[in-house]
Amino acid sequence: MRNIVVLTGAGISAESGLATFRGPDGLWEGHRVEDVATPEAFARDPGLVQQFYDARRVRLGEVEPNAAHVALARLDSEWPGELLIITQNVDDLHERAGAKRLLHMHGELASGWCLACSSRFPWSGSMADGAGNQCPRCGLFGQVRPDIVWFGEMPYEMDRIEEALSHCDLFASIGTSGAVYPAAGFVQTARYCGAHTVEINLEPSQGSLFFDERRYGPAGEEVPKWVDELLA
């Protein structure tokens, strides 16, 4: 077993104190997803959307990676074969734990995207309209949006992801609901290509039947045990 693909979702960051994308009440941090995570929402009320993500960016500075992030960073550092950690999360907890072989398929809170010149760049402050919302590349004001994939937009680097899935020997899904596509279909692609599949989650996901192996419990407990077994 040489090539590993790991998919992580909101459940892994929930243990660090970040709200999952869609709570049991259907809301994300008190907002309807349709009001803060679609291009139409941004066109309708950019101020609300910018304020929402500004608050999420501030929240990142208040949390730390947990044991699951640290364990995956250790796997990244020590695994001799190919490894790709694909995260649906827009936080930077994987990086802060030390992961390098990492892909953010839904973008990043700490990145801006200028709609005027199409540039993408690191961003740490507010994006709310005003003097702070200036593109560092073209200099225009008010054209920078969060570099985040919203509903109705194509996730990033899908060709690279499909390539990795088609050649992996082991696919692991950690902290995901199995409800959001295309990520929910990765396990089926990996299985079709011959990979062993593992689910690590608090409870069975919507796609749990597609996994050869299932481990249920807190990611901060289950992921370090799983990594220890892989590296033993």
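Just so you know, these numbers come straight off a predicted model, no measurement behind them.

J.: Even after reading the chapter, I still don't get the nonpolar core, so can you show me in this structure?
T.: Judged by nonpolar contacts, the single largest core of 22 residues is most densely connected at Val 6, Leu 72, Leu 75, Ile 174, Val 223 and Trp 226. Mapped by element, the contributors of at least two residues to this core are strand S1 (4–8), helix H5 (67–78), strand S4 (83–87), strand S9 (170–174), strand S10 (196–201) and helix H9 (219–231). Counting residues per element, this core draws most heavily on H9, which supplies five residues. For Val 6, the residues in contact, after removing those within four places along its chain, are Leu 72, Leu 83, Leu 84, Ile 85, Ile 86, Ala 172, Ile 174 and Trp 226. Listed in part, the 18 residues of the second largest apolar core include Leu 7, Met 158, Ala 164 and Val 187.

J.: Explain the sheet that holds strand S11 (residues 213–216) to me, please; I cannot follow it from the model alone.
T.: The strands making up a sheet associate through backbone hydrogen bonding, with each pair oriented either parallel or antiparallel. The six strands lie next to each other as S5-S4-S1-S9-S10-S11, forming an open sheet whose pairing is parallel. The sheet terminates laterally at strand S5 (102–104) and S11, the two strands that pair on one side only. Strand-to-strand, the axes of this sheet are offset by a mean angle of 15°, without reference to chain direction. The sheet contacts of H5 involve S1, S4 and S9, and relative to S4 the element is tilted by about 150°. The sheet strands contacting H9 are S1, S9, S10 and S11, and the helix crosses S9 at an angle near 165°.

J.: Which parts of the structure should I look at to understand the packing of H5 against H9?
T.: Following both chains from N to C, one finds H5 and H9 inclined at 20°, their axes separated by 7 Å at the closest point. In terms of orientation, H5 and H9 fall into the roughly parallel class. For the pair H5 and H9, the sense of crossing is left-handed. On the side of H5, the interface is formed by Ala 67, Ala 68, Ala 71, Leu 72, Arg 74, Leu 75 and Glu 78, while H9 contributes Ala 219, Gly 220, Val 223, Pro 224, Trp 226, Val 227, Asp 228, Leu 230 and Leu 231. Grouping the constituent residues of the contact of H5 with H9 by class yields 12 nonpolar, one polar and three charged.

J.: Teacher, can you tell me more about the UniProt feature "active site" (unreviewed entry) in the chain here?
T.: In this numbering, the UniProt entry assigns the feature "active site" (unreviewed entry) to His 106. Secondary-structure assignment places His 106 in the loop between S5 and strand S6 (107–114). In contact with His 106, not counting residues within four places along its chain, are Thr 87, Gln 88, Val 90, Asp 147, Ile 148, Val 149 and Pro 155. A distance of 3.2 Å separates a polar atom in the side chain of His 106 from the backbone oxygen of Gln 88.

Cut-offs applied
- Residues numbered from 1 in each chain as written.
- Predicted model: local features only at pLDDT ≥ 70, side-chain atom pairs only at ≥ 80, totals over all residues.
- Heavy atoms only, no water.
- Core = buried A, V, L, I, M, F, W, Y, C linked by side-chain atoms within 4.5 Å.
- Buried < 20%, exposed > 50% of the residue type's maximum accessible area, 1.4 Å probe, protein only.
- Helix = DSSP H or I, 4+ residues; strand = E, 2+ residues; numbered from the N terminus.
- Contact = heavy atoms within 4.5 Å.
- Pairing = 2+ DSSP bridges.
- Axes fitted to C-alpha atoms, helices over the stretch in contact; angles between N-to-C directions.
- Parallel < 35°, antiparallel > 145°, perpendicular 65-115°, else oblique.
- Left-handed = near helix turned anticlockwise from the far one by under 90°.
- Nonpolar A, V, L, I, M, F, W, Y, C, P; charged D, E, K, R; others polar.
- UniProt positions renumbered as here; feature names shortened; annotations may be inferred.
- Polar contact = N/O pair within 3.5 Å; in protein donor to acceptor, adjacent residues only side chain to side chain.

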